[in-house]
Amino acid sequence: MDRTTNTVANFALNFLVGFAVVALLRGRRAGVRAGLVAGTVGALASWVAYGRFEDVDELDDDAELVEIEL
């Protein structure tokens, strides 16, 4: 999934969750506002964080193991 698709998907998911929760508690208009805020925050976070965790190796085979005596 590329960066733009990931951002749009996160916006939609966060909007739906924010809208659903707040619309049940406060009404449709407040739900739309909360959905827009939640969607925007989620989209910005996914845009910034995209790709940061893809290059992390599980375990570096060349690393030296350290033994600690207890």
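Attention here is on the structure that accompanies the text. (Residues numbered from 1 in each chain as written. Predicted model: local features only at pLDDT ≥ 70, side-chain atom pairs only at ≥ 80, totals over all residues. Heavy atoms only, no water.)

Glancing now at a nonpolar patch on the surface. Among the surface-exposed residues, Leu13, Val17, Val21, Leu24 and Leu25 lie close enough to one another that they form a single nonpolar patch of about 560 Å² accessible area. Within the secondary structure layout, Leu25 lies in helix H1 (residues 3–26). Note on Leu25: relative accessible area 69%, which makes it exposed. (Patch = residues over 30% accessible without salt bridge, like charges linked within 9 Å, V, L, I, M, F, W, Y side chains within 5 Å. Areas by Shrake-Rupley, 256 points an atom, 1.4 Å probe, with all protein chains shown as cover. Salt bridge = Lys/Arg side-chain N within 4 Å of Asp/Glu carboxyl O. Helix = DSSP H or I, 4+ residues; strand = E, 2+ residues; numbered from the N terminus. Buried < 20%, exposed > 50% of the residue type's maximum accessible area, 1.4 Å probe, protein only.)

The next point concerns the environment of Thr5. Along the polypeptide, Thr5 turns up in helix H1. We classify Thr5 as partly exposed; its relative accessible area is 41%. The spacing of Thr5 and Trp47 is 42 residues in sequence and 10.0 Å in space, taken between C-alpha atoms.

Looking at where Ala30 falls in the secondary structure, it is placed in helix H2 (residues 28–49). Sequence separation between Ala30 and Phe19 is eleven residues, and the spatial gap between their C-alpha atoms is 8.0 Å.

Locating Thr7 in the fold gives a position in helix H1. Here Thr7 falls in the buried class, since its relative accessible area comes to 13%. At 2.8 Å, the side chain of Thr7 forms a polar contact with the backbone oxygen of Arg3. (Polar contact = N/O pair within 3.5 Å; in protein donor to acceptor, adjacent residues only side chain to side chain.)

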